[in-house]
Amino acid sequence: MWTKDNLPDLTGKTVIVTGANTGIGFETAAGLYEAGAQVILACRDLNKATEAIASIQQRKGPGSLAGAQLDLTCLVSIERFATEFTQQYQFLHVLINNAGVMIPPASQTAAGFELQFGVNHIGHFALTGRLYPLLKATPGARIVTVSSLAYLRGSIDFDNLYSKNSYDPMREYCQSKLANVFFALELQRRISASGDGVLSLVVQPGANNTELARNMNAAEYAAALERFGTLMEPWQGALPSLYAAASPAVKGGEFYGPDQDGGVRGYPARAIIAPHALDEAIAKRLWQLSEEATGVRFPG
Ligand SMILES: NC(=O)c1ccc[n+]([C@@H]2O[C@H](COP(=O)([O-])OP(=O)(O)OC[C@H]3O[C@@H](n4cnc5c(N)ncnc54)[C@H](OP(=O)(O)O)[C@@H]3O)[C@@H](O)[C@H]2O)c1
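Given the structure is predicted, the values throughout are model-derived calculations rather than measurements.

K.L.:
Please clarify how the state of the cysteines should be interpreted in this entry.
P.N.:
Note on terminology: disulfide describes a covalent bond linking the sulfur atoms of two cysteines. Enumeration over the complete set of coordinates arrives at zero disulfides. With no disulfide of its own, C43 has C74 as its nearest cysteine by sulfur position, at a separation of 16 Å.

K.L.:
Just checking my understanding: could you explain the nonpolar core for this structure?
P.N.:
Note on soluble globular proteins: their nonpolar side chains tend to be buried together. Residues V17, L32, V39, L41, I56, I96 and V144 are the most contacted members of the largest nonpolar core, which totals 38 residues. Of all the secondary structure elements, the ones that give two or more residues to this core are β1 (14-18), α1 (23-34), β2 (38-43), α2 (46-57), β4 (94-97), β5 (142-146), β6 (199-203) and α8 (239-246). Once residues lying within four places of it in the same chain are set aside, the contact partners of V39 are V15, V17, A29, L32, Y33, S64, L65 and A66. Within the second largest apolar cluster, 33 residues are counted, among which are A68, L95, A141 and F298.

K.L.:
Explanation requested: the sheet that holds strand β3 (residues 64-69) in the structure shown.
P.N.:
Note: strands within a sheet are paired through backbone hydrogen bonds, in either parallel or antiparallel orientation. Strand order in the open sheet made by the eight strands is β3-β2-β1-β4-β5-β6-β7-β8, with mixed pairing throughout. Edge positions in the sheet fall to β3 and β8 (265-271), since each of these pairs with one other strand and no more. The average angle at which neighbouring strand axes cross in this sheet is 25°, direction not considered. Two elements, β1 and β2, share five bridges in a ladder whose sense is parallel. In the sheet register, V17 faces β2, and the bridge partner there is L41. Of the strands in this sheet, β1, β2 and β3 are in contact with helix α3 (residues 75-88), which crosses β3 at around 145°. Helix α5 (residues 169-194) contacts β4, β5, β6 and β7 (255-260) of the sheet and is inclined by roughly 160° relative to β6.

K.L.:
Please explain the site of the ligand as it appears in this structure.
P.N.:
Around the ligand, the surrounding shell holds 28 residues, and the nearest of these are N21, R44, Y173, N208 and T210. Backbone polar atom of I24 to an oxygen atom of the ligand: 2.8 Å apart, as the coordinates give it. Side-chain polar atom of T210 to an oxygen atom of the ligand: 2.6 Å apart, as the coordinates give it. Here the ligand has 890 Å² of accessible area as a free molecule, and 96% of this is covered by the chains. Elements that contribute at least two residues to the shell around the ligand include exactly α1 and α5. Its residues assigned to classes, the shell around the ligand comprises ten nonpolar, twelve polar and six charged.

K.L.:
Looking at this model, I keep getting lost on the packing of helix α4 (residues 115-136) against α5. Mind explaining?
P.N.:
The description of two packed helices rests on the angle between their axes and on the distance between the axes. At a closest axis distance of 7 Å, the pairing of α4 and α5 adopts a crossing angle of 20°. Taken together, the axis directions place α4 and α5 in an arrangement best described as roughly parallel. Here α4 contributes Q116, F117, N120, H121, H124, F125, T128 and Y132 to the contact with α5, which in turn contributes P169, E172, Y173, Q175, S176, K177, A179, N180, F183, L187 and I191. Residues that form the contact of α4 with α5 fall into these classes: nine nonpolar, eight polar and two charged.

Thresholds applied
One numbering rule holds for all chains: residues counted from 1, following each sequence as written. Local features in this predicted model are restricted to residues of pLDDT 70 or higher, and side-chain atom pairs are both shown and tallied only at a pLDDT of 80 or more, whereas totals for entire chains, interfaces and linings draw on every residue. Hydrogens and water are ignored here; the side-chain numbers use all heavy atoms of the structure. Here, two cysteine sulfur atoms that lie within 2.5 Å of each other are counted as a disulfide. Take the buried residues of types Ala, Val, Leu, Ile, Met, Phe, Trp, Tyr and Cys, join any two whose side-chain atoms come within 4.5 Å, and each joined set is a nonpolar core. Exposure is judged per residue with a 1.4 Å probe applied to protein chains only, and the accessible area is read against the type maximum: over 50% gives exposed, under 20% gives buried, and values in between give partly exposed. Secondary structure is summarised from DSSP: a helix means a run of H or I of at least four residues, a strand means a run of E of at least two, and numbering begins at the N terminus for each. Residue contacts are defined here by distance: any two heavy atoms, one from each residue, within 4.5 Å place the two residues in contact. When DSSP locates at least two bridges between a pair of strands, those strands are taken to pair. Geometry is summarised by axes, namely lines fitted to C-alpha atoms with helices restricted to the contacting stretch, and by angles between N-to-C directions that run from 0 to 180 degrees. Residues are counted as near a molecule or strand when any one of their heavy atoms sits within 4 Å of it. Identification of polar contacts relies on pairs of N or O atoms within 3.5 Å, with a donor-acceptor requirement for protein atoms, meaning one able to donate a hydrogen and the other able to accept it, and with residues adjacent in sequence counted only if both atoms are side-chain atoms. Accessible areas in this description were obtained via Shrake-Rupley with a 1.4 Å probe; residue shielding takes into account the shown protein chains only. Side-chain classes are defined by residue name, with Ala, Val, Leu, Ile, Met, Phe, Trp, Tyr, Cys and Pro counting as nonpolar, Asp, Glu, Lys and Arg as charged, and the others, Gly among them, as polar. When describing relative orientation, an angle under 35 degrees is termed roughly parallel and one over 145 degrees roughly antiparallel, while 65 to 115 degrees is termed roughly perpendicular and anything else oblique.

From the geometry alone we can't say anything about function, so treat these as descriptive.
Set out below in structure tokens:
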């Protein structure tokens, strides 16, 4: 059973966690801080980041914490964040693409993408690309992308990424979480082809009691509880991210998640990737679309 007590000493490591003010991102940031890392909480609301830092500091870890503003709906915000980060920090050992939104009312990012596809995938694609030069320059750097078991029910509808034809909130969430898997795997293939030493890993945290359900009504939430049973607390949902971020046992292109009840609960272990997420033609098409949409090209 792997827990955060198994984390190696992360003194001297610099880590970014997106969406770290609450839920799984908060516990991921806290776990890294407790292991000695310098953790940057990249949050859309800087006040929430500041409050989260005050709360994490009560754990009196040996690491350090800083907040930074990052809105993943906005490519300008992403570029500004990455530029300032690159000016301020010499290394980036781990980028954790954690932030996420689930089943919001129909809405779009600044670039016009459906919000979940736009934040969960496109925003993190642009962020990773903007930070890639720093990751590449950091020995042993890792990129951890947080997906979900929802990827199993996802497909990429290239004709409806702006949700102009129709909007089904859960269908679009599943699509965005499948996009996370395609992204992480295609990134590892491209990194390997370019000869860089960076690792790209994908995780799913199981079913956890977080604010992700904020857009569910009571009936939808009850149905989710019926389906998943007892939810884990966020500290446990953070373990796959912590494992991928720091365990010496991981390999690029692998998927990690809780080891029990089909990945719903448990402790981190390697997971089998469903065949539909291994389709390299779709992964390449998604990558090309993401490059064109963001103007960000990497790892080349
Ligand atoms: N909870 C689960 O059971 C579960 C299951 C599978 C996968 N996941 C995945 O785990 C990740 C974390 O989710 P969670 O459960 O911890 O949810 P959460 O408690 O709702 O936290 C989501 C985080 O993402 C941030 N965020 C949302 N939109 C953003 C934007 N435009 N720019 C920057 N940050 C943004 C939120 O900021 P605000 O607080 O300011 O809104 C918050 O910090 C997500 O990728 C989610 O898909 C969770």
